[in-house]
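Residues per chain are reported as follows:
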Amino acid sequence: MSEINYRLGKNQKLKSFKVIGNLFQGGNSFIAYPFKVVWLYNESDTRFFRFSVSVPKRKYKRAVDRNLIKRKIREAYRLNKAVLQADYHGKLADFMVIYIASADAEYLVFENAMKIALTKLRKKITTLDTGEEIV
RNA sequence: ACAGCAGGUCGUUCUAUCGCUCGCAAUUUUAUUGCGUGAGGAAAGUCCGGGCAACGCAGAGCACCGUGUUUCUUAACCGGAAGGUAUUCGCGAGGGUACAGUAUUGCAGAAGAAAAUAACCGCCCCGAAACUUGUUUUCGGGGUAAGGGUGAGAAGGCGGGGUAAGAGCCCACCGACGAGCCGGGCAACCGGUUCGGUCGUGCAACUCACGGGUUGAAAGACCAUGUAUAUCGGAUACGUAGGGCUGCUCGCCCGAUGCCGAGGGGUAGGUCGAUAGAACCAAUUGGCAACAAUUGGUCCAGAUAAAUGAUAGAAGUUUUGCUUAGGCAAAAUACAGAACCCGGCUUACAGACUUGCUGUUGUU
RNA sequence: GAUACGUUAGCUCAGUCGGUAGAGCAUUUGCCUUUUAAGCAAGGGGUCCCGAGUUCGAAUCUCGGACGUGUCA
């Protein structure tokens, strides 16, 4: 996976009800404002990081607002996957990004925040995963 | 020209780069490439009505809930259209609201004499007593709805006759109600006319007519997984315990899969349902209209932790400011995101176009 | 997606088969006390979530809207 592509297909999305349930029950989490990231090592043999977005209905009543925020977050991840994935050979993980700020923002804010969140996630994954070596 | 009323239509566009859903095809092999495709008038609120599905249903009565002017429309409706009556807002074009019945029973706070077989004050008559001896006062009996600080509502209105004083007590006119006749209208109803003194209001209960089985796609079907109302022991004993039929009663049906004790699981999802329909567009015909019929054409999202996007640039529209003008600058560019599907209703909405009509001002 | 309910004083709630809006706590003032607390007495404080309608009269009944809360795999 040396060549970077910006695709974000169905198989890179976290879709199973059960996996999400496990994620919230047994997953680790940290905050990289305005995001909260919940993650767990992926035990099955998928070939990708699996990713999902959530925006609380409590804070954004209208479906239009929620959709817009989710799309921006998804876009930010799609364009900055490299931060997490480039030259990474350790254990893969599933993670969910939850938007916890109470106001919408410009796309650039999302992009910068996403970079910070992904570097933080990468560090956490590699330090906890003692069995593998980092290049 | 400006202001407005009623109806209808639309509700941003283009380019570049990187992406997403679904379908088809190809390559190769479980990912990539190419082509096509992809939100609304309200997709919203979930307020009505259907389709569809499961379960239930011998039947009858009562209860409960909903609706309530007429005719039409529709698959159906608490929808829509055209009317009717009353009321209300507007100078007007027009808009809003209400509408089955009242035989019986009940309620109507406060205020007021009295809130429904009305005598507190007043007015009038009769009798008695008192003395201040008269158009007097007091007491008692009766008549009386013309007048009286109230009130949403006070026993049709107004004038005349009549009377002790009064009263539809009688009469004329007006209003309402009931009955009859004539004309118009499919009908609600409207207009005219004759007769009858028949003449207080509102809201409930109640009565009448019509409709209503329950639950909603998280319904449900199939596949996969699973020994899964598993299995063992005991008590009860035959239509018994109990259950079902929206609630109740009658009645009918089912009925050991129930009770007690011991004991033992699984949860991983997928496909269908689910997108060709009371569909949409155009024309013609019928109808005041809602709407219907016929002919021709079109295929128009189908996701499921849930696609329809992000970034950059340009254009359009509106408002404001500056400017003689051309133009320049700034700001704004709505409401809002399908989740089984239709028909309505309601609510939100920057703005644009269009048809008919009304008012004001000016010109001819 | 479906469905059930709530909104009344600063807070927690009564009042909902129509008729002057209440209780407890809090708050203000006075009394008591050396002072505070407690106690006693008096008072203030209301867009009854919003807008229409029915009615003589609406917190209550009807319709529409806003916000909030629960239940169902």
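Structural data are supplied above this passage.
On a predicted model such as this, the values are computed, not experimentally measured, just so you know. (Residues numbered from 1 in each chain as written. Chains lettered and ligands numbered in written order. Predicted model: local features only at pLDDT ≥ 70, side-chain atom pairs only at ≥ 80, totals over all residues. Heavy atoms only, no water.)

### Some remarks on the side chain of Asn 80
Part 1 of the argument: On the secondary structure map, Asn 80 appears in the loop between helix 2 (63–79) and helix 3 (81–85).
Part 2 of the argument: A polar side-chain atom of Asn 80 sits 2.7 Å from the main-chain carbonyl oxygen of Ala 76.
Part 3 of the argument: When neighbours within four sequence positions are excluded, Asn 80 is seen to be in contact with Glu 111, Lys 115 and Leu 118. (Helix = DSSP H or I, 4+ residues; strand = E, 2+ residues; numbered from the N terminus. Polar contact = N/O pair within 3.5 Å; in protein donor to acceptor, adjacent residues only side chain to side chain. Contact = heavy atoms within 4.5 Å.)

### Focus on the nonpolar core
Part 1 of the argument: Counting 30 residues, the largest nonpolar core has Phe 35, Ile 73, Tyr 77, Phe 95 and Tyr 99 as the members making the most contacts within it.
Part 2 of the argument: When residues of this core are traced back to their parent elements, those giving at least two are strand 1 (28–32), strand 2 (35–41), strand 3 (50–54), helix 2, strand 4 (93–99) and helix 4 (107–128).
Part 3 of the argument: With seven residues, the top contributor of residues to this core is helix 4.
Part 4 of the argument: Leu 14, Leu 23, Met 96 and Ile 98 belong to the second-largest nonpolar core, a separate cluster that totals five residues. (Core = buried A, V, L, I, M, F, W, Y, C linked by side-chain atoms within 4.5 Å. Buried < 20%, exposed > 50% of the residue type's maximum accessible area, 1.4 Å probe, protein only.)

### Quick look at the packing of aromatic side chains
Part 1 of the argument: Under the defined criterion, the tally for this structure stands at six aromatic pairs.
Part 2 of the argument: Feature note: the residues Phe 35, Tyr 99 and Phe 110 constitute an aromatic cluster, connected by ring pairs. (Phe/Tyr/Trp six-rings, centres within 6.5 Å; stacked < 30°, edge-to-face > 60°.)

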